[in-house]
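Listed below are the residues making up each chain.
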Amino acid sequence: MFSLGRHCLHRRAQELSVREGIKAFTRRTNGRGQSTQAQSPPSRRTPRLKPWVLYPTTLLVLCGATVVAYQTNQPFRHTALAIVRCSRVAEAAVLGAIDYKVTFAKSYDSDNVRLEAYSECHTRSAQRVLRALLANGGIFIKLGQHIASLVVLPKEWTSTMRPLQDQCEPTPYEDVEQLFLHDMGTSIADEFDEFDKEPIGVASLAQVHVGRLRKTGERVAIKLQHPHLAEFCDIDMEMVEVTLGWIKHWFPEFEFTWLGEEMRENLPKEMDFIHEEYNAVRATDDFKNIRTSLYIPKVISATKRVLIMEYIQGRRVDDLEYLAEHNIDRNKVALELARIFGQMVHLNGWFHADPHLGNLLIRPAGLSSKSPYNFEIVLLDHGLYFDMDTALRINYSKLWLALISPASPAVQKDRRKYANLVGNIDDDLYPVFEAALTGRAALEGSWDDGQSSGKSKYARGSSMIDISAQSEEEMEAIRNAVVQKEGLLLSVFDVLRRVPRRVLMVLKLNDLTRALDRALVTTHSNVRIFLITAKYCTYAVWQDTRTQLISEMQRKGITSLPLLYDYFWGWWGYQKMYRSLRLAEMWMDMKAYTVQMEAWVWGLYAVGGLKGAHQAAAGLA
């Protein structure tokens, strides 16, 4: 019994001993864990960064990474620039479209209030676009120049965009020097004895310097493309097209996608100076056998971005003081310019597509000149030319002949017929197209809503020949044409969308010749330059008719009496028309000379002496 109890006590003691051992082991293990944990830096003891430190630091790191990526990664740089530049244009375009919708949807107390509101809307929208184009630079300046040349747009738009002709930043000389070395394989110092670091002209795509060739000693003009254009041209073009596409999507009536398509097609040509050299050579050949005052500077060498050409000293063609100093008749200057462009458009079917006064110089004719007068008209910047196929060229000539013919139901029908063939213009849009073509508010019978009636404040001619000088009332009507008739602004946009680009450029040529005729204060009739156009149209139509008849005679035989009759009748009609135009020219020139002589006599007594007489006859007094 005693032995059994002692055995039980022994077992009890063992169990207690094991339990105490386990507790001790557990305490030692926890102690070691706490000791180890104490030795490693506990996270709860690490001080947390304050937000005012964390956020600026993160922002600074991101900015630094962005700057590094912008400088070293070209795709990233292009993407960033595309976003910024596209947002500028998109903002201006969308705000303008909304502004137009709101302004045109309002009701106004009177027509004067409505016209003033419309004019202010045009100005606001044009200024928004101008700021975006100036901020983006590059080809966006070219886009603005295209807008300024569209004669059917409101005057607020064209006048706002016109300063872009003169607001182009020059490329620093160091960058120009690098471009020349890269493209020509030689330095400027090695190629030229003299090189003026300051450009004499800066345009949206290039700038021009004057230098003297080391090899020949010839004084030359060096045209250098802005180096950054090549890098961003494709991106900018994509941005223009995307932006215009979104405008078309959200505002279908304000469609300008054609402008992006035009730039996409023509800008690469203007940026290739080898192409410009080809145009200059071809234009020279086109006038090789014609006695003309036109002079095109010869090209010495050309690469894609560097063009070296003959340097021409002259002045703007509308510089009356320069013309008077060199005894150049301003009437003849205006008429000769009309002949040059008449030859290009109606006979050659290939014409200069960027004509403005900055691309035209005048200088006294030298002894070796083939000019029929004592001056030469120098045509510059041959980067962009348009061609006209035979059908378009002849139909355009026939349209002009219809415009100079007295109005009758048959003539008015022909006008609309050829307007459709030339510009895809239907009857509703014809008055807008005619106004852009002729520079007049409208001829008799152009409008079908009574606007051509005697209620008009100014007389409307039945043709381009019998219209009177442009009055202030008619000029004001042209200025307000896009807002005086409900929905006419949208009609202008429709005309711009429908008319082929080359036809728009022809309208620009017409506008240039009319503007120069006014700027020169010519003494001949205001329709004198239209007679020159009519002569070229008459000859072009006869030559086309003659070619067709000769082809028929070769096929059917020269003895075909109907063809001989058609040939004789066509020749007689041409001779009759041409000689009547020539007689009208002689009469108008005689009257212009009489006006000049009257001014000379008036200047002799009123201004004083021969000098005063000369100034008065030259339009300076």
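Quick caveat: nothing in here was measured; it's all calculated off a predicted structure.

As a further point, take the pairing of strand E11 (residues 375-379). Burial analysis of E11 places five of its five residues in the buried class, which makes it a mostly covered element. By the alternation rule, side chains of E11 split into Phe375, Ile377 and Leu379 and Glu376 and Val378, which are all buried. Relative to E11, strand E5 (residues 294-295) runs parallel, the two sharing two bridges. In the sheet register, leucine 294 faces E11, and the bridge partner there is isoleucine 377. With five bridges joining them, strand E10 (residues 360-364) and E11 adopt antiparallel strand pairing.

For the rest of this paragraph, the subject is the nonpolar core. Counting residues in each nonpolar core, the largest one holds 107 residues, and the members touching the most others are Met161, Met344 and Phe351. Beyond its immediate stretch of four places on either side in the chain, phenylalanine 351 contacts Met344, Val345, Leu384, Tyr385, Phe386, Met388, Arg502, Met505, Val506 and Leu509. Judged by nonpolar contacts, the second largest core, of 13 residues, contains Tyr173, Phe192, Phe195 and Ile308.

This part covers unusual backbone geometry. Glycine aside, the phi torsion of most residues is negative, and most peptide linkages are trans. For asparagine 327, which is not glycine, the phi dihedral falls at a positive 55 degrees. Along the chain, the position of asparagine 327 falls in the loop between helix H12 (320-325) and helix H13 (330-348). Given a relative accessible area of 55%, asparagine 327 falls into the exposed group. Backbone geometry places aspartate 381, a non-glycine residue, at a positive phi of 55 degrees.

Side-chain pairs of opposite charge can arise where the charged atoms are in close proximity. Applying the stated criterion across every chain, the model contains 23 salt bridges. Residues lysine 508 and aspartate 354 are paired through a salt bridge, measuring 3.3 Å at the closest nitrogen-oxygen approach. Of this pair, lysine 508 sits in helix H20 (residues 501-519) while aspartate 354 is found in the loop between strand E9 (350-352) and E10, placing the two residues 154 residues apart along the sequence. Take lysine 508 and aspartate 354: they sit in the same class, and that class is buried. Ionic pairing is found between glutamate 552 and arginine 555, a salt bridge with its closest N-O pair at 2.9 Å. One end of the pair, glutamate 552, and the other, arginine 555, are both in helix H21 (residues 528-556), three residues apart, so they sit about a helical turn from each other. Among the charged side chains, a network of salt bridges with common partners joins Arg528, Lys535, Arg582, Glu585 and Asp589.

This part covers the side chain of serine 397. Mapping serine 397 onto the fold places it in helix H14 (residues 390-404). A polar atom in the side chain of serine 397 sits 3.0 Å from the backbone oxygen of arginine 393. Apart from residues no more than four positions distant in its own chain, serine 397 is found in contact with His346, Cys537, Ala540 and Val541.

Turning next to the packing of H13 against helix H22 (residues 561-617). The N-to-C vectors of H13 and H22 enclose an angle of 140 degrees; their axes lie 11 Å apart at closest approach. Comparing the axis directions of H13 and H22 gives the class oblique. Taken together, the residues of H22 that come into contact with H13 (itself represented by Arg330, Asn331 and Leu335) are Asp589, Ala592, Gln596 and Ala617. Within the contact of H13 with H22, the residues separate by chemical class into three nonpolar, two polar and two charged.

Below, the discussion takes up the confidence of the model for the chain. In this model, the chain carries a mean pLDDT of 81, and residues with pLDDT of at least 70 account for 77%. Within the model, the stretch residues 449-455 combines pLDDT values under 50 with ten contacts to residues more than four positions away or in other chains.

Take helix H16 (residues 430-438) next. Counting buried positions over the nine residues of H16 gives eight, a clear majority of the element. Taken together, the buried positions of H16 are Tyr430, Pro431, Val432, Phe433, Glu434, Ala436, Leu437 and Thr438.

Right, let's talk about empty space enclosed by the protein for a bit. This structure, assessed with the given rule, holds five cavities of 30 Å³ or more. Around the second largest cavity sit 15 residues that line it, and Ala338, Phe341, Asn510, Thr513 and Thr533 are the ones nearest its centre. Of all elements in the fold, only H13, H14, H20 and H21 reach the threshold of two or more residues within the lining of the second largest cavity. Here the lining of the second largest cavity is built from residues that sort into nine nonpolar, five polar and one charged.

Time to look at the packing of aromatic side chains. Taken as a whole, this structure holds 17 aromatic pairs when the rule is applied. When the ring of tyrosine 173 is compared with that of phenylalanine 195, the centres are 6.1 Å apart and the planes differ by 50 degrees; the resulting orientation is tilted. A residue pair is termed long-range when its members are at least 10 positions apart, and tyrosine 173 in helix H7 (residues 173-184) and phenylalanine 195 in strand E1 (residues 192-195) qualify at 22 residues. Overall, the relative accessible area of 16% leaves tyrosine 173 in the buried class. With centroids separated by 6.4 Å and ring planes inclined at 5 degrees, the aromatic side chains of tyrosine 565 and tryptophan 569 adopt a geometry described as stacked. In this pair, tyrosine 565 and tryptophan 569 are both assigned in helix H22, four residues apart and thus about one turn of the helix distant.

Definitions and cut-offs
- Residues numbered from 1 in each chain as written.
- Predicted model: local features only at pLDDT ≥ 70, side-chain atom pairs only at ≥ 80, totals over all residues.
- Heavy atoms only, no water.
- Buried < 20%, exposed > 50% of the residue type's maximum accessible area, 1.4 Å probe, protein only.
- Helix = DSSP H or I, 4+ residues; strand = E, 2+ residues; numbered from the N terminus.
- Pairing = 2+ DSSP bridges.
- Core = buried A, V, L, I, M, F, W, Y, C linked by side-chain atoms within 4.5 Å.
- Contact = heavy atoms within 4.5 Å.
- Salt bridge = Lys/Arg side-chain N within 4 Å of Asp/Glu carboxyl O.
- Polar contact = N/O pair within 3.5 Å; in protein donor to acceptor, adjacent residues only side chain to side chain.
- Axes fitted to C-alpha atoms, helices over the stretch in contact; angles between N-to-C directions.
- Parallel < 35°, antiparallel > 145°, perpendicular 65-115°, else oblique.
- Nonpolar A, V, L, I, M, F, W, Y, C, P; charged D, E, K, R; others polar.
- pLDDT = per-residue confidence, 0-100.
- 1 Å grid on protein atoms, 1.4 Å probe; cavity = no way out; pocket = protein on both sides within 12 Å on 5 of 7 lines; lining within 4 Å.
- Points joined across faces, edges and corners; volume = space filled by probe spheres on them.
- Phe/Tyr/Trp six-rings, centres within 6.5 Å; stacked < 30°, edge-to-face > 60°.

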